[in-house]
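Tertiary structure, described
Next come the chains, spelled out residue by residue.
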Amino acid sequence: MATGRTHRPATRSRGIPEATVARLPLYLRALTALSERSVPTVSSEELATAAGVNSAKLRKDFSYLGSYGTRGVGYDVEYLVYQISRELGLTQDWPVVIVGVGNLGAALANYGGFASRGFRVAALLDQDPGLTGRIVAGVPVSHTDDLERIVTENGVSIGVITIPAGGAQQVCDRLVAAGVTSILNFAPTVLSVPEGVDVRKVDLSIELQILAFHEQRKAGEDTTVPAADLPAEPRTSPRKGPDGDVPAVMPA
């Protein structure tokens, strides 16, 4: 079976925009659900609704794949599943290493959706000697001292970092030096990587803060504060200048 080290998806070489690439997994998820229900074809409007985008954007995205559907019939679901999977590189095996086997790392290791999407957890690493040898999701935990050897032996090109921010950059540097060229970062910090290495950052706290912002906005729309309840603006006496009163705060 081919490994991620020797095969790359063709999206960049074919000039597919990054925004389109970011939406392909949304289309694939919707199409997979249709396939599981044995739906043979789907219109652009129906698929766009299921994926949460507008139909014009969907048709434009699919044009980059060379797929235009059939007028009056729509898109062949099974063919699109294959086509998008191939474009994303999911028709081959991608060995993944997870560094950090705490609650989050263990949860990711136990996620059952990886295998069906072309990803295989090849190794779990942690710096805690007490975890070495423990079996998590059928994979024995190895010590981070063995990181370079494990990455090389398994042909790993995708690394997942699920450790605290303090040690994330050092682990990132070691992964890159060992040959990893794509990193999924769950650590609450920005990683510095050389050109040619892709990093995707997942920060759950930031996502929750964004949701809190929208919740606050929605609550504000439902509650109007009477003007009488607003704090009064400070009153200041104007200063005298050669041409009369001068505002207390001059414009910049």
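Let me sum up the structure you'll find in this document. Fair warning: this is a prediction, and the values are worked out from it, not measured in the lab. (Residues numbered from 1 in each chain as written. Predicted model: local features only at pLDDT ≥ 70, side-chain atom pairs only at ≥ 80, totals over all residues. Heavy atoms only, no water.)

1. A short note on the packing of helix α1 (residues 18–36) against helix α2 (residues 44–51)
For the pair α1 and α2, the least separation of the axes is 9 Å and the interaxial angle reads 110 degrees. Relative to α2, the element α1 is oriented roughly perpendicular. Judged by the twist between their axes, the crossing of α1 over α2 is right-handed. The segment α1 lies against α2, with Leu26, Tyr27, Ala30, Leu31 and Leu34 engaging Leu47, Ala50 and Ala51. Here the residues of the contact of α1 with α2 sort into eight nonpolar, no polar and no charged. (Axes fitted to C-alpha atoms, helices over the stretch in contact; angles between N-to-C directions. Helix = DSSP H or I, 4+ residues; strand = E, 2+ residues; numbered from the N terminus. Parallel < 35°, antiparallel > 145°, perpendicular 65-115°, else oblique. Left-handed = near helix turned anticlockwise from the far one by under 90°. Contact = heavy atoms within 4.5 Å. Nonpolar A, V, L, I, M, F, W, Y, C, P; charged D, E, K, R; others polar.)

2. Considering the pairing of strand β6 (residues 139–143)
Counted residue by residue, β6 has four buried out of five residues, so it is predominantly covered. Relative to β6, strand β4 (residues 119–126) is paired through three bridges, and the arrangement is parallel. When the bridges of β6 are listed, Asp126 appears paired with His143. In terms of strand pairing, strand β5 (residues 135–136) meets β6 through two bridges, oriented antiparallel. Note on β6: the bridge partner recorded for Ile135 is Pro140. Once β5 ends, the chain turns through two residues before running back antiparallel as β6, passing Ala137 with a positive phi of about 55 degrees. (Buried < 20%, exposed > 50% of the residue type's maximum accessible area, 1.4 Å probe, protein only. Pairing = 2+ DSSP bridges.)

3. Let's talk about the packing of aromatic side chains
Each aromatic ring pair is described using two quantities: the centre-to-centre distance and the angle formed by the ring planes. Counted under the stated rule, the structure contains three aromatic pairs. Geometrically, the ring pair formed by Tyr27 and Phe62 is edge-to-face, given 5.1 Å between the ring centres and 75 degrees between the ring planes. With Tyr27 in helix α1 and Phe62 in helix α3 (residues 55–64), the pair connects residues that are 35 residues apart, well separated along the chain. There is no split in this pair, since Tyr27 and Phe62 are both buried. Here the aromatic cluster, defined as three or more aromatic residues joined through ring pairs, consists of Tyr27, Phe62 and Tyr75. (Phe/Tyr/Trp six-rings, centres within 6.5 Å; stacked < 30°, edge-to-face > 60°.)

4. Describing the environment of Ala51
Its location among the elements puts Ala51 in helix α2. Along the backbone, Ala51 and Leu28 are 23 residues apart, and their C-alpha atoms lie at a distance of 8.6 Å.

5. Description of the nonpolar core
In terms of nonpolar packing, the biggest core is built from 23 residues, with Tyr27, Leu31, Val42, Leu47, Leu58, Phe62 and Ile84 touching the most fellow members. Here the element with the most residues in this core is α1; it accounts for seven residues. Look past the residues within four positions of Leu31 in its chain and what remains in contact with it is Val42, Leu47, Val77, Leu80, Val81 and Ile84. Residues Val99, Val171, Cys172 and Leu175 belong to the second largest nonpolar core, which totals 20 residues. (Core = buried A, V, L, I, M, F, W, Y, C linked by side-chain atoms within 4.5 Å.)

6. Focus: the sheet that holds β4
Within a sheet, adjacent strands bond to each other through the backbone by hydrogen bonds, running parallel or antiparallel. Taken in spatial order, the seven strands make up an open sheet running β5-β6-β4-β3-β7-β8-β9, and their pairing is mixed. Strands with a single pairing partner mark the edges of an open sheet, and in this sheet they are β5 and β9 (198–201). Where strand β3 (residues 94–99) and β4 come together, six bridges link them in parallel fashion. Paired with Val99 across the bridge in β4 is Leu125. Sheet strands in contact with helix α7 (residues 147–154) are β3, β4 and β6, and its direction is about 165 degrees off that of β4.

7. Section: the side chain of Asp126
Position of Asp126 among the secondary structure elements: in strand β4. We note that Asp126 is buried and unpaired, the nearest opposite charge coming from Arg134 at a distance of 9.1 Å. Looking at Asp126, its side chain comes within polar contact range of the main-chain nitrogen of Val101, at 2.8 Å. (Lys, Arg positive; Asp, Glu negative; His and termini not counted. Salt bridge = Lys/Arg side-chain N within 4 Å of Asp/Glu carboxyl O. Polar contact = N/O pair within 3.5 Å; in protein donor to acceptor, adjacent residues only side chain to side chain.)

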